[in-house]
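Close look at the chain arrangement
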Amino acid sequence: MSLAGLFNPRWPGVALFDLDGTLVDSAPDLAAAVDQMLAHLGRSPAGIDRVRNWVGNGASVLVRRALAGQVDWEPARPKDEALFKDALAIFYHAYGTLNGQHSVVYAGVEACLTHLKNQGCRLGIVTNKPEQFVAPLLEQMGLDHWFDLTVGGDTLPVKKPDPAPLLHAMETLGGTRGTTVMVGDSAADINAALAAGIPCVAVRYGYNYGPAVDTLGADAVVDSLAELL
């Protein structure tokens, strides 16, 4: 089924985008920061392929997965919680220093954002990435001028898959459930959209782990955002 024309002058009025794995391939920087953290702790590097599977639920979960060496991690015992806090601080410093130098914008993104803006659509970022890293990455990638609002993983008390960040962004940008779309790459994005009652477009090229993104309930799934134009 062709999805050409799904994004048109009548719809959407508000488009919300995930960041990592949807607009930007930031895994090289995230993996470099994770490996710097692990090296500082005297551990073996994780490597980019493993880190790609760990991204999507925010920095805290990424660090916990890196310490566990796998996607699934057990709640930390008190003595392990101190290690986690140290590891998170090391990761934050390493990632902030990298500042997106190895990250790239995915093909089709600029065309999609240009198309939407030309139609008067209001654009927002809703990511689980800590807020302090969102604006610098958008600026480094040359994407900051497109967006009217950014919501990070710590902007509100909850993050995706909770629907609150999507609803907050939708309402702030003057949208409704009928005029808003969420675009993301993972189960967290799709489940947040489903819980919020907002249509969702998913991309196949991102960082989703587990079941294929096509099976998660998105209204449309694409290989490139350019397919929607």
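These figures come from a predicted structure and were not determined experimentally.

1. Some remarks on the domain arrangement of the chain
For an interface, size is often stated in terms of accessible area lost upon the parts coming together. What the domain assignment reports for the chain is domain 1 (3–26 + 103–228) and domain 2 (27–98). Placing the centre of domain 1 and that of domain 2 at their C-alpha centroids yields a distance of 25 Å. Facing 14 residues of domain 1, the contacting portion of domain 2 comprises 16 residues. When domain 1 packs against domain 2, close to 1300 Å² is buried across both sides, 53% of that on carbon and sulfur atoms. The largest contributions to the domain 1 side of the interface with domain 2 come from Phe 133, Tyr 207 and Tyr 209, which together make up 43% of the buried area. At the junction of domain 1 with domain 2, the criterion picks out one salt bridge. Put simply, Arg 52 and Asp 25 hold a salt bridge, and the shortest N to O gap is 3.1 Å. No other element matches helix α6 (residues 131–140), which puts three residues into the side of domain 1 that touches domain 2. Here the residues of the side of domain 1 that touches domain 2 are counted per class, giving six nonpolar, four polar and four charged.

2. Remarks on the sheet that holds strand β1 (residues 14–17)
The strand order across the open sheet formed by six strands is β5-β4-β1-β6-β7-β8, and the pairing between neighbours is parallel. The outermost strands of the open sheet, each flanked by one partner alone, are β5 (149–151) and β8 (220–222). Sheet twist, expressed as the average angle between the axes of neighbouring strands with direction ignored, equals 20°. Where β1 lies against strand β4 (residues 122–126), four bridges are found, and the strand directions are parallel. The residue of β4 that forms the bridge with Leu 16 is Gly 124. Relative to the sheet, helix α7 (residues 164–172) contacts β1, β4, β5 and β6 (180–184), its axis offset from that of β5 by approximately 165°. Lying over the sheet, helix α8 (residues 187–196) contacts β6 and β7 (200–203), oriented at roughly 175° with respect to β7.

3. Re the UniProt feature "binding site: Mg(2+)" (unreviewed entry) in the chain
Summarizing the sequence annotation, UniProt attributes the feature "binding site: Mg(2+)" (unreviewed entry) to Asp 18, Asp 20 and Asp 185 in the numbering used throughout. Sequence-wise these annotated residues cover 168 residues; spatially they are packed, their C-alpha atoms never more than 8.5 Å apart. Relative to the helices and strands, Asp 20 is located in the loop between β1 and β2 (24–25). Asp 20 sits in the buried class, given a relative accessible area of 9%. Following the sequence through the fold, Asp 185 ends up in the loop between β6 and α8. Residues contacting Asp 185, with those up to four places away along its chain left out, are Asp 18, Asp 20, Gly 21, Thr 22, Val 203, Gly 206, Tyr 207, Asn 208 and Val 213. Polar side-chain contacts of Asp 185 include one of 3.2 Å to the side chain of Thr 22.

Calculation criteria
Position numbers for residues start from 1 in each chain and track the written sequence from start to end. Only residues with pLDDT of 70 or above have their local features reported here, since the model is predicted, and side-chain atom pairs are shown and tallied only from 80 upward, although totals for entire chains, interfaces and linings are computed over all residues. Each side-chain value is derived from all of the structure's non-hydrogen atoms; neither hydrogens nor water enter the calculation. Domain start and stop points were drawn from an automatic or database domain assignment. The contact criterion used throughout is that any non-hydrogen atoms of two residues lie within 4.5 Å. Summed over both partners, buried area is the accessible surface (1.4 Å probe) that two parts give up on being assembled. What makes a salt bridge here is a side-chain nitrogen of Lys or Arg within 4 Å of a carboxyl oxygen of Asp or Glu, nothing more. Only runs of H or I of at least four residues qualify as helices and only runs of E of at least two qualify as strands under DSSP, and these elements are numbered from the N terminus. Charged means Asp, Glu, Lys or Arg here, nonpolar means Ala, Val, Leu, Ile, Met, Phe, Trp, Tyr, Cys or Pro, and polar covers whatever is left, Gly included. Note on pairing: two strands pair once DSSP finds at least 2 bridges between them. Helix axes are fitted only over the stretch in contact, all axes being lines through C-alpha atoms; the angle between N-to-C directions runs from 0 to 180 degrees. UniProt positions are given in the numbering used here, feature names are shortened, and annotations may be inferred rather than shown by experiment. Here's how the labels work: a residue is buried when its accessible area is under 20% of the maximum for its type, exposed when over 50%, partly exposed in between, all with a 1.4 Å probe on protein chains only. Polar contact is the term for a pair of N or O atoms within 3.5 Å; when the atoms are in protein, one must be able to donate a hydrogen and the other to accept it, and sequence-neighboring residues count only if both atoms are side-chain atoms.

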